[in-house]
Amino acid sequence: MGKEIRVLSPTAILGYGFPIESFKKGLAKNPDLIAVDAGSTDPGPYYLGAGKSFTDRTAVKRDLKLMLKAGVERKIPVIVGTAGGSGANEHLNWCLDIVREIAKEEDLHFKLAYINSEIDKETLRSYYDKDRVLPLEHDEDNYLAELDEAVRVVGQMGVEPIIEALKNDADVIIAGRVYDPTVFAAMGIMKGFDPGLAFHMGKILECAAIASDPGSGSDCMFGTLGENYFILEPLNEKRRCTTVSVAAHTLYEKSNPLKLHGPGGVLDLTGCNFEQLDERRVKVTGSRFIPGEQYTIKLEAARLIGYRTLSIAGTRDPIMISQIDDIIKAVRKTVEENFDDIDPSDYSLIFKIYGKNGVMGDLEPLKGVISHELGIIIDVVAKTQELANTICSFARSTMLHYGYPGRVATAGNLAFPYSPSDLKAGEVYEFCLNYLLIVDDPLELCSIHYEDM
Amino acid sequence: MTKRKITELAAVIRSKNAGPYQLTFDFIFKSDEIYQKVKESNVITPELIARLYNIPIKNVISVINYDPARAIKATIVRPRPSGALGETDVYGAQQHAPLLDIEIPWEE
């Protein structure tokens, strides 16, 4: 073979930005592909549930415009994975809208492919009926119950739908939810390169320059995939890849650095070797892909659990601080008694105490209060926004005026930094459906569409 | 035998989500020599992680040594899925503090 696939990864997440200088250096190295991961589950369940992007439209458009212009003018495919942050249809459409806008404004002409990965509930039920659902880390099977509650469900696609779009000569591919490394790995795998090396290179490139030293998610990285190796190089002179910076990134956000599970199999890095080629480049060999006996697609879903109202306050009174746990108990009891006609399961009232256990909650090993001031967030999630407002407002006023034993500061117990003191935060979602679906064909749960721009 | 603080030996001690259902801790040591000694000390074990976070041992998914990155990695079941009711740290990036007090028996 003797050939190479050269991949430019501009930024860790589309919309996180990158220096033009680094991007130009990447283009000067004649890449075969420009690819970017646009999504993550890290910001929590809200964005998937609400159908909104966690990245800003103006920032995404800035990054996409540079990538599309460079790619279309030079005939280099541009691939975006997990469009709109979560990859459901609304997220995908949001991203496509930006792509079409750029194409019009910049007079760019290309063949666009977009791939849906949202799965409807009827299909999801039929997999259960056919016994093609596998639980992940679950003690019991709640699949159908969680499916009923899920607002939207996406399946993490593998490389196959992207390869299909590339084979159909798509210049720009905007994919719904895909396994993060796929957008970088698909072209190499299509051309017969080792899938272990292609996926491992993709796993590093998906975070762009984070795997360099000093690391950054807002700078470009260049990957070169060869017959039995890949080479990584940051494009900013300030950064270098070291064997440790690259190997350490292999650990990042994963439960096991040696076995990375993805659609269609496992990336086995047990025999992997990292070699320092020169001051700024690292060569990796020995990554292996072991196909699974069954091809599985991981589901991601979110369910609506209520509506939130928050009140943010602080206390600087040492007498109050010494009794904070008792005061919270008393406020909670007053709320329950005052609204004894409301079913307690219709709302949850949570006190977050910063300066005590606000960051670690139940995991906090230091149980005693040590701070001279405490931040207090009254966090209410209820069946309706109105009920959340009611409970939060009442808990706030009760705590503000609560007459705890030994109180000398009778004007009010809480310092509010804001007016209004109660903030309506809207819908609250939770992740659900931690399951795999077994498929016969990696393409069976997605649909690929083409459009000439 | 003297003891060395983990913060003197490690360049990185961090926590992070590994997907919405797991929390993972990374120790990356300053040199291969330090890493080997910490590894051989066998101090960082599932039992230690369970004790530091006051969780049942079954909730410690793994403790893995990773030579290429001179790293030790521990992963636990998240106290709740990321962003669920009662969440205190959606990204899981500030749950590392109990690890900073670990001490390793040390012979020069």
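Residues numbered from 1 in each chain as written. Chains lettered and ligands numbered in written order. Predicted model: local features only at pLDDT ≥ 70, side-chain atom pairs only at ≥ 80, totals over all residues. Heavy atoms only, no water.

### Concerning the sheet that holds strand β5 (residues 71-77) of chain B
Which entries qualify depends on this criterion: In short, DSSP must find at least two bridges between two strands for them to pair. Working definition: helices are DSSP H or I runs of at least four residues, strands are E runs of at least two. Numbering for both runs from the N terminus. Here an axis means a line fitted to C-alpha atoms, over the contact stretch when the element is a helix, while the angle between two N-to-C directions is reported on a 0 to 180 degree scale. Here, two residues are considered to be in contact whenever any of their heavy atoms come within 4.5 Å of each other.
Pairing in this open sheet of 4 strands is antiparallel, and the strands run β2-β3-β5-β4 (chain B) from one edge to the other. Unpaired on one side and paired on the other, β2 (10-17) and β4 (60-66) of chain B mark the two borders of the sheet. Between one strand axis and the next, the sheet turns by 10 degrees as a mean value, whatever way the strands run. With 7 bridges connecting them, strand β3 (residues 22-29) of chain B and β5 of chain B associate as antiparallel partners. Following the sheet pairing, Phe-25 of chain B is matched in β5 of chain B by Ala-74 of chain B. Each of β2, β3, β4 and β5 of chain B touches helix α10 (residues 243-251) of chain A; the most contacted strand, β3 of chain B, lies at about 160 degrees to it.

### Some thoughts on the confidence of the model for chain B
Cut-off, in case you're wondering: One number per residue, pLDDT, summarises how confident the predictor is, and it ranges from 0 to 100.
Here chain B averages 95 in pLDDT, and 100% of its residues register 70 or above. Across the predicted assembly, pTM comes out at 0.93 and ipTM at 0.91.

### A closer look at helix α4 (residues 89-106) of chain A
Residue and element names in this part refer to chain A. Going by this rule: Between the first and last residue of a helix there are one fewer steps than residues, each counted as 1.5 Å, and that sum is the expected span. Buried residues are those whose accessible area, probed at 1.4 Å on protein chains only, stays under 20% of the maximum for their type, while exposed residues exceed 50% and partly exposed ones sit between those limits. Taken from the helix axis, the directions to the C-beta atoms give the arc we talk about.
The terminal C-alpha atoms of α4 lie 25 Å apart, and with 18 residues this matches the ideal 26 Å at 1.5 Å per residue to within 8%. For α4, the complete set of buried residues consists of His-91, Leu-92, Cys-95, Leu-96, Ile-98, Val-99, Ile-102 and Ala-103. Buried residues along α4 cover an arc of 155 degrees about the axis, so they all sit on one side. Trailing α4 by a residue or two, Asp-107 shows a phi angle of about 55 degrees, which is positive.

### Here's the deal with empty space enclosed by the protein
Short version of the rule: Within this scheme a cavity is a closed region of a 1 Å grid, computed over the protein atoms alone, that accommodates a 1.4 Å probe without allowing it to escape, whereas a pocket is open but has protein on both sides within 12 Å along at least five of seven lines; lining residues each have an atom within 4 Å of a point. Grid points are joined across faces, edges and corners, and a volume is the space filled by probe spheres set on the points. Only Asp, Glu, Lys and Arg are considered charged, only Ala, Val, Leu, Ile, Met, Phe, Trp, Tyr, Cys and Pro nonpolar, and every remaining residue, Gly among them, polar.
Tallied over the full model, the rule gives 4 cavities of 30 Å³ or more. Taken as a whole, the largest cavity spans an internal volume of roughly 120 Å³. Taken together, 13 residues line the largest cavity, and the ones lying closest to its centre are Pro-79, Arg-80, Glu-87, Thr-88 and Gln-95 of chain B. Split by residue class, the lining of the largest cavity holds 4 nonpolar, 4 polar and 5 charged. Here the second largest cavity defines a volume of roughly 70 Å³. Around the second largest cavity, the lining residues are Ser-40, Thr-41, Gly-44, Leu-48, Thr-82, Gly-85, Ser-86, Arg-177, Glu-300 and Phe-431 of chain A. Broken down by class, the residue content of the lining of the second largest cavity amounts to 2 nonpolar, 6 polar and 2 charged.

### A closer look at the interface of chain A and chain B
So the rule is basically this: Joining two parts hides part of their accessible area as seen by a 1.4 Å probe, and the buried area is that hidden amount summed over both. Whenever Lys or Arg places a side-chain nitrogen within 4 Å of a carboxyl oxygen from Asp or Glu, that contact is recorded as a salt bridge. Contacts described as polar in this section are N or O atom pairs within 3.5 Å, which, within protein, must combine one atom able to donate a hydrogen with one able to accept it, while residues neighboring in sequence count only if both atoms come from side chains.
Listed by partner, the interface residues are 38 residues for chain A and 39 residues for chain B. With both sides pooled, the region where chain A packs onto chain B buries about 3200 Å², and carbon together with sulfur makes up 63% of that total. Applying the counting criterion to the chain A and chain B interface returns 1 salt bridge. Here Lys-16 of chain B ties to Asp-42 of chain A by a salt bridge, and the two come within 2.0 Å at their closest N and O atoms. Inspection of the chain A/chain B interface yields 11 residue pairs in polar contact (both at pLDDT 80 or more). At the level of secondary structure, the elements contributing two or more residues to the side of chain A that touches chain B comprise α10, β16 (347-354) and β18 (422-432) of chain A. If one sorts the elements of the side of chain A that touches chain B by residue count, α10 of chain A sits on top with 6 residues. Considering only residue class, the side of chain A that touches chain B consists of 21 nonpolar, 10 polar and 7 charged.

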